[in-house]
Amino acid sequence: MSEPLIFEISQRGRRAPSHAPSDVPEHDLPADLLREDPPLLPEVSELQVVRHFTRLSQRNFSIDTEFYPLGSCTMKYNPKACNRLAMLPEFLERHPLGAVEHGQGFLECMYELQDMLAAVTGMAATSLTPMAGAQGEFAGVAMIRAYHDANGDHERREIIVPDAAHGTNPATATMCGCVAVEIPTGADGDIDMDALRDAVGPQTAGIMLTNPSTLGVFERKITEVAKIVHDAGGLLYYDGANLNAILGRAFPGDMGFDVMHLNLHKTFSTPHGGGGPGSGAVCVNERLEPFLPIPVVGKKIVDGEDRYVWLTEADRPRSIGRLSAFMGNAGILLRAYIYMRILGREGMRRVSEFATLNANYLMKRLADLGFDVAFPERRASHEFIVSLKAITSETGITAMDFAKALLDRGFHAPTTYFPLLIPECLLIEPTETEARQDLDAFANALAEIRDLARSDPDAVKAAPMTTPVRRLDDVRAARHLDLAWRPADDASQ
Amino acid sequence: MPYIPHTDKDVAEMLAGIGASSTEDLFDEIPVGLRVDDLPGVPEALTEAEITRLMRRRARRDGEVVSFLGAGAYEHYIPAAVWDVATRGEFYSAYTPYQAEASQGTLQLIYEYQTMMTGLTGLDVSNASLYDGATAFAEACLMAVRANRKSKSGRVLVSRGVNPIYRSVTDAIIKGQGIELVEIPLRDGRTDVDALAQFDGQDFAALCLQQPTFLGTIEEADAITDWAHERNILVIGSCNPLSLALLKAPGDWGENGADIACGEGQPLGIPLSSGGPYFGYMVCRTQLQRQMPGRIVGGTLDIEGRVGYTLTLQAREQHIRRSKATSNICTNQGLMVTAATIHMSLLGAEGLRRVALACHANTRMLADALAKIDGVSIAFGPYFHEAVVQLDRPAQSIIEALGSQKILAGYDLSAHYPELGSALLVCATEARTSDDIGAYVAAFEDAMKKSQAA
C-alpha cells in the first residue's frame, strides 16, 4: 500500500498548535523585508505526523530489521546505549560556543577519544572535526599539500589512486587542487608495483590507499609501497573505510602511512542514519601534526586538576584551518566514544576477529555452493567479492537482478558494481555482529536465486515483488525531473 | 562479548569450514612485522551500567546553563515526537538509499524535505543536505564558480555580514582550487550598498549575503541582488531557515531572486549538541541544478505505474564522475534531515512563523532592557533574533561575570569585528522566558556596577 505525501494529508487550517507560542507578539519590522505568502509546509496534527513518518520508516530496510551486507559500508549493529547516552539532555543542550568551564565533561570524552583513535591506528595525533569520510579525505590531502607547500615543494600536485579506489578519492584530489593519477591493480589483487614506480616522481604529492583494499584483500607489499612513495618525496594517505578488518591487528602508522581518516560510522558503529551523519576523524604522524584541522581538544593542568581546552588558530598557526562551523559532528563523536569504552581494549580486537571470521566463512560457503569468488586463493579481509559474470552469460541474470531478488528474501543487497574492475560483482561485508545462521540463510538465498535464474529467469527479473514499490524507472526519474511536490493548482509547474 | 553472537561451537565449525586452525590464521596475509597483539592505549571494557554512570556524571558537569548565545547555533524547543520518530531503528540504522525499493521511507522523506526547503526559500531544487551551514556556504561558492560561465576570475564577493567562521571554513575549502573571496564592507551592521560601486567593472562569479547577518541585522537584499544580476553575478543567500518563515524568501529578492540559498538547518529541530551533528541545506534555480553538489531525490514510477522515489541526477556525483564530480561529498546528514522534516511538519508555516516572531520579541525585550543600563547601547537595527550590545568595557568581563552564575551572556565580537569596539552579540530565542530575561538583565546590570569602564 502506498503512503501519501505529507502534503496530501495536509488540510488548510489544521495545526499542531502546542508546539509554538500561542500568542503572536506585535512587531514593527519593515514590510518590505517580510514574506507575503506563507511557505509551502503541511498543516497536520501530531498523530498524523507520527503515523506518517512511522509508516515511512517501515518502508525502509535497516540493520535493526534486516541483514545488511553492504560492502565497504560496515553495516554493523549500532548499540542502543550509544544513542541513549549521547542524547542525555545536558549533552544536547550544550551550546558549541559555551565556555569550556561549562563543557569539561564533554571535552574530556573528546580528548580521550582523540587519544584512543591515535592508539588504534598507531598515529601521533587526531583531529575530530571532519564530518564524513569524504571530508576526512579532504583534510588529509589538504594537509599533504600544506606540508609540501611549507617545504617549498609547490610542484607536488599529483595524487596517485589505485583504479579500485572509492570515487571520493579522485574527487577529493580535485577539490584540493590536485590531479588524480590512476594506477592499475595486479591480477592477485595487490598494487602493480611497476606501475607505481613509473607513476612516482618530483610531481608526486602522495598516494591514497585503502588497506585492506576495496577488493577485500590485504595489500601485502604495503611496506614496499611506502618506501617507493616516500623515496620519491610523497606522503601516504590511508583511507580508513576498511579499518574494521584490521582493528587491533595492525596499525596504519606502522605500515608507513602519514595521514588517515576513520569512518566512525563504520568501524565505531555510529549510525548511518539513512545517509549520514558520518564522522571522518583524521589521524596523523608527527610530521603532519601541525597541519591538523582545528579545533583540537587539549589538556592543561590547572591547580593540580585536568582542564580541557580548545586548541585553535593561535595554538596551531600552520593548521589547514576549520572545516566546520564548530567542531564537527560532536554528538556522533560521543557515540563513537561510548562504543569504544564499552568494547574496550579486548573488544576492539574482537571486532576484526569476528568480522574476518564471518567474511571468510561466508566466502567459503558461497565458493562451496559454486559461486565464483574474485580472489579464491587469497584470504578475505572483512569483505569479499563474488563475480556473477558466468551466471550472467549463462542466464542473462545480472548482479542487479540478484540484488533485487535478495530484497524479496529479506536481505538487503550487497554493494553492486563496485569495485568497477570486477564485472557483475557483489561486494559482501557481513560484519562481526551477524550470527552464523544469518550468514547461512543469506548464502542459501543467493544459491536459490541462482537456481531460479537457470530455471525461470523471468521470475528473477521480476523481483522485487514484496517491497513497497517494484523496480523503479531511473531513466524516467532523470529525464522527467520531479524533485519537489507542487499543489495541483500551482500554475508554475 | 558485547555484540558478538558467536558461540564456541559456531567458531569451531566455521573455522573447520574455512580450513583454518584458529582465528589468528585469518590474518596470515598481514606481514609478520606489521602485526600487533595489544592496544595499550585503549582502556579495559566497561559494562553498559558502568558507561551509563560515567556519561551521566560527565553530562551533569556541563548542565544547567541558561544561554543567550546564538552566533550560528540556536536553542529552540523541539517537540518530543521529532526525535522519538527520527531515532526509530528503521531510520537510524539504514544507509544511503542506493537500493531504492528497500529505501522508500528515507527517499520519500527526503522528497518531502526537498519540497519544504523549496517552499521556505522560494527556489526550485533542493538537495538532500550537506554537512553544515559553513560547508554548505563553501559548496555554494564552488557551485557558483562552476555555474557562472560568464565569469572567468574565480573571485567571489562576500559580505562582511556573513558568519566569519563560515568565511574561514570556505577559504580553507576553496583555496586549493585557486578561488578567492573578496569582502564587501558593512555600514551600520548591514552590507554597504554604496560600497558596491568600488567593484564595478570587475569580474566576479557570485555575491554572497547572509540573512539575517551574523550581527543579527536584516539585510535589504533586493537592491544588492539587483546590483549583482545587472553585472551577471550570481547571488547566494546564506539564510537562517527559521527566519524564512517570516522574512522575504531569497527566491523573491529583487527583480529575479537569488540564485542559490544555503544555510545551517540546525534551527529546524536539531539540538545544540556542542555544534553537531547539524545539516547544511542548499536550494537553487532549475537552471543551476546540474551543478548542485550532493544527493538529490526524484519521483518516478515503478513497473506497475506506482509512484516511487529514487536518487537521481547521479551523473554529478563522485561514485560516477570520480575526479570530475561536482563535489567529493558522499555521506551527508540524513538523520538530521529526518528530524527537520518531522519538525517542520509538526510546526507548519504558522508554527514556525510564531516561533520566529517570539524569538524576535524576546530579543527586543532583552535589547530594550539592556539599552537602559549606563554604558550600554544597542548598535543596529532592524534585527531578527540577535542584537549587538556595545559596551564601555571589555565584553569578556560581562561574559565571565555572568558565566559564574551559569548564564551564557553572548558572543564576544571583538576578535572578528574589532571596528565595533567592545561588543557582545546576544540572542533570546522563544526558549527564554521573561523570567530568564529579567534575571539576565539584573545580572548584567550588577556586573556593570562591579566592573570598571574602559
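Reading the values: the criteria
Residues numbered from 1 in each chain as written. Chains lettered and ligands numbered in written order. Predicted model: local features only at pLDDT ≥ 70, side-chain atom pairs only at ≥ 80, totals over all residues. Helix = DSSP H or I, 4+ residues; strand = E, 2+ residues; numbered from the N terminus. Buried ≥ 20, exposed ≤ 12 C-beta atoms within 10 Å, placed from the backbone. Contact = placed C-beta atoms within 7 Å. Axes fitted to C-alpha atoms, helices over the stretch in contact; angles between N-to-C directions. Parallel < 35°, antiparallel > 145°, perpendicular 65-115°, else oblique. Left-handed = near helix turned anticlockwise from the far one by under 90°. Nonpolar A, V, L, I, M, F, W, Y, C, P; charged D, E, K, R; others polar. Domains from an automatic or database assignment. Pairing = 2+ DSSP bridges. Core = buried A, V, L, I, M, F, W, Y, C linked by C-beta atoms within 7 Å.

## What to know about the overall build of chain B
Secondary structure assignment for chain B yields 12 helices and 17 strands. Referenced to the eigenvectors of the C-alpha coordinate spread, the extents of chain B come out at roughly 80 × 55 × 50 Å. Across the 454 residues of chain B, 61% fall into the buried class. Put simply, of all contacts in chain B between residues at least 6 apart along the chain, 75% involve residues at least 24 apart.

## Some points on the packing of helix H11 (residues 330-368) of chain A against helix H14 (residues 436-455) of chain A
All names here are of chain A. Put simply, H11 and H14 touch, their axes get as near as 10 Å, and they point 30° apart. Taken together, the axes of H11 and H14 lie roughly parallel to each other. Where H11 crosses over H14, the two elements pack in a sense that is right-handed. For the pair H11 and H14, the contacting residues are Asn-358, Tyr-361, Leu-362, Arg-365 and Leu-366 in the first and Leu-439, Asp-440, Ala-443 and Leu-446 in the second. A per-class count over the contact of H11 with H14 returns six nonpolar, one polar and two charged.

## Considering the domain arrangement of chain B
Residue and element names in this part refer to chain B. Assigned domains within chain B: domain 1 (8-62), domain 2 (66-74 + 348-450) and domain 3 (80-343). Using only C-alpha atoms to locate each centre, domain 2 and domain 3 end up separated by 28 Å. Of the residues lining the interface, 21 residues belong to domain 2; the matching set on domain 3 comes to 20 residues. For the side of domain 2 that touches domain 3, the secondary-structure elements that each account for two or more residues are helix H10 (334-371) and strand S14 (386-391). When residues of the side of domain 2 that touches domain 3 are assigned to their parent elements, the largest contribution, six residues, is made by H10. Of the residues in the side of domain 2 that touches domain 3, the class split is 15 nonpolar, four polar and two charged.

## Describing the interface of chain A and chain B
Residue-level contacts link 171 residues of chain A with 160 residues of chain B. It is H11 of chain A that contributes the most residues to the side of chain A that touches chain B, 23 residues altogether. Of the residues assigned to the side of chain A that touches chain B, the class counts are 89 nonpolar, 44 polar and 38 charged.

## With respect to the sheet that holds strand S10 (residues 280-284) of chain B
All names here are of chain B. Pairing is mixed in the open sheet, where seven strands are placed in the order S2-S10-S9-S8-S7-S3-S4. Two strands lie at the open edges of the sheet, namely strand S2 (125-126) and strand S4 (180-184), each paired on one side alone. When strand S3 (residues 155-159) meets S4, the two strands line up parallel, connected through five bridges. Considered in S4, the bridge of Leu-157 is made with Val-182. Helix-sheet contacts for helix H5 (residues 104-121) involve S2, strand S9 (260-264) and S10, and the interaxial angle to S10 is about 70°.

## Re the domain arrangement of chain A
Residue and element names in this part refer to chain A. Domain annotation of chain A identifies domain 1 (6-21 + 31-57), domain 2 (81-342) and domain 3 (351-477). One C-alpha centre belongs to domain 2, the other to domain 3; they are set 31 Å apart. Class assignment for the residues of the side of domain 2 that touches domain 3 results in eight nonpolar, seven polar and two charged.

## Concerning helix H13 (residues 399-408) of chain A
All names here are of chain A. Most of H13 is tucked away, with eight of its 10 residues classed as buried. For H13, the set of buried residues is Ala-399, Asp-401, Phe-402, Ala-403, Lys-404, Ala-405, Leu-406 and Leu-407. Buried residues along H13 sit in contact with strand S12 (415-416), strand S13 (425-428), H14 and helix H15 (457-461). Within two residues after H13, Gly-410 carries a phi angle of roughly 85°, on the positive side.

## Thoughts on the nonpolar core
Cys-141 and Ala-144 of chain B are the most contacted members of the largest nonpolar core, which has 314 residues in total. Element by element, the count of residues in this core is highest for H11 of chain A, at 21 residues. The residues touching Ala-144 of chain B, leaving out its near neighbours within four places in the chain, are Val-156, Ala-205, Ala-206, Leu-234, Ile-236 and Ile-260 of chain B.

## Re the packing of helix H6 (residues 133-147) of chain B against helix H7 (residues 164-174) of chain B
Residue and element names in this part refer to chain B. As a packed pair, H6 and H7 sit with axes 8 Å apart at the nearest point and diverge in direction by 50°. Relative to H7, H6 is oriented oblique. At the point where H6 passes H7, the crossing takes the right-handed sense. In this structure, H6 contributes Gly-133, Ala-134, Thr-135, Phe-137, Ala-138, Cys-141 and Leu-142 to the contact, and H7 contributes Ile-165, Tyr-166, Val-169, Thr-170, Ile-173 and Ile-174.

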